[in-house]
Amino acid sequence: MSVHFDLVGRPYEKNVAVKDVIQAGYGKKSSYNNLKAAGYIKDLTLSNHNNQIYYNPSTKHLIHNVSGTHNVSDVITDAYLAFGKLKSTKRYKSSKDVLKKAKIKYGPDSKIDIAGHSLGGAIAQYIGSKNDQVTTVNKGATLGQKTRKNERAFRIENDPISLLAAGSKRVQTLKNASNDKTLLGAHSSNALPSSITF
């Protein structure tokens, strides 16, 4: 592993694929096993179906994943996002609260990464502080929505959900890494290349 520097200048070792973090959040066992093999422990007291907290005690690296739309109540949250009211939703407030508790539990010395896919990406971009590094994938975007200075934003070519973010600063469009080249396939977390890491 080699030492890299995040967007706020902190050194770290790249060893975890963002795709594994996101897919573990959707319940993919092989992705979760990859995280465990890299030394990450899922915090079962803070994690739930919308937010997953992973911590590596040897590197003091905390990863908070915010899952995307995966149930009917999330469709309502998607509508709030479309009308610029995301921060007033229970889903947003819950994610912010989980992150706050994780920061208290694991302390100020932890390097913090926040990841999110789709709706989770829209939430992830707002819940962290300027010292947290945020990685979003195919985030739900609205007209005029900006990316933050501490955000790495990725969208997959032909993804319809992140289309409004396509021309924004700091948004990188990637080729679809999956075999499914449909619009839904482009939006899936399967489309993210494994080479994008924390």
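Before reading on, note that the structure itself is shown above.
Residues numbered from 1 in each chain as written. Predicted model: local features only at pLDDT ≥ 70, side-chain atom pairs only at ≥ 80, totals over all residues. Heavy atoms only, no water.

A.B. asks: Outline empty space enclosed by the protein, listing residues and values.
C.D. replies: One pass over the full model with this rule turns up one cavity of 30 Å³ or more. Considered as a void within the structure, the largest cavity measures approximately 30 Å³ in volume. Looking at the largest cavity, the residues that line it are Thr136, Lys139, Ala153, Phe154, Arg155, Ser162, Ala165 and Val171. No other element matches the three residues that strand 8 (residues 151-156) contributes to the lining of the largest cavity. (1 Å grid on protein atoms, 1.4 Å probe; cavity = no way out; pocket = protein on both sides within 12 Å on 5 of 7 lines; lining within 4 Å. Points joined across faces, edges and corners; volume = space filled by probe spheres on them. Helix = DSSP H or I, 4+ residues; strand = E, 2+ residues; numbered from the N terminus.)

A.B. asks: Requested: an account of the nonpolar core, with residues and values cited.
C.D. replies: Ranked by size, the top nonpolar core spans 20 residues in total, and within it Ile53, Leu62, Leu86, Tyr106, Ile114, Ile123 and Ile127 carry the most contacts. Ranked by size, the runner-up nonpolar core spans 19 residues in total, among them Tyr54, Ala186, Ala191 and Phe198. (Core = buried A, V, L, I, M, F, W, Y, C linked by side-chain atoms within 4.5 Å. Buried < 20%, exposed > 50% of the residue type's maximum accessible area, 1.4 Å probe, protein only.)

A.B. asks: Which residues make up the environment of Gly107, and what are the values?
C.D. replies: Here Gly107 shows up in the loop between helix 4 (90-106) and strand 6 (111-117). For Gly107, a relative accessible area of 16% translates into the label buried.

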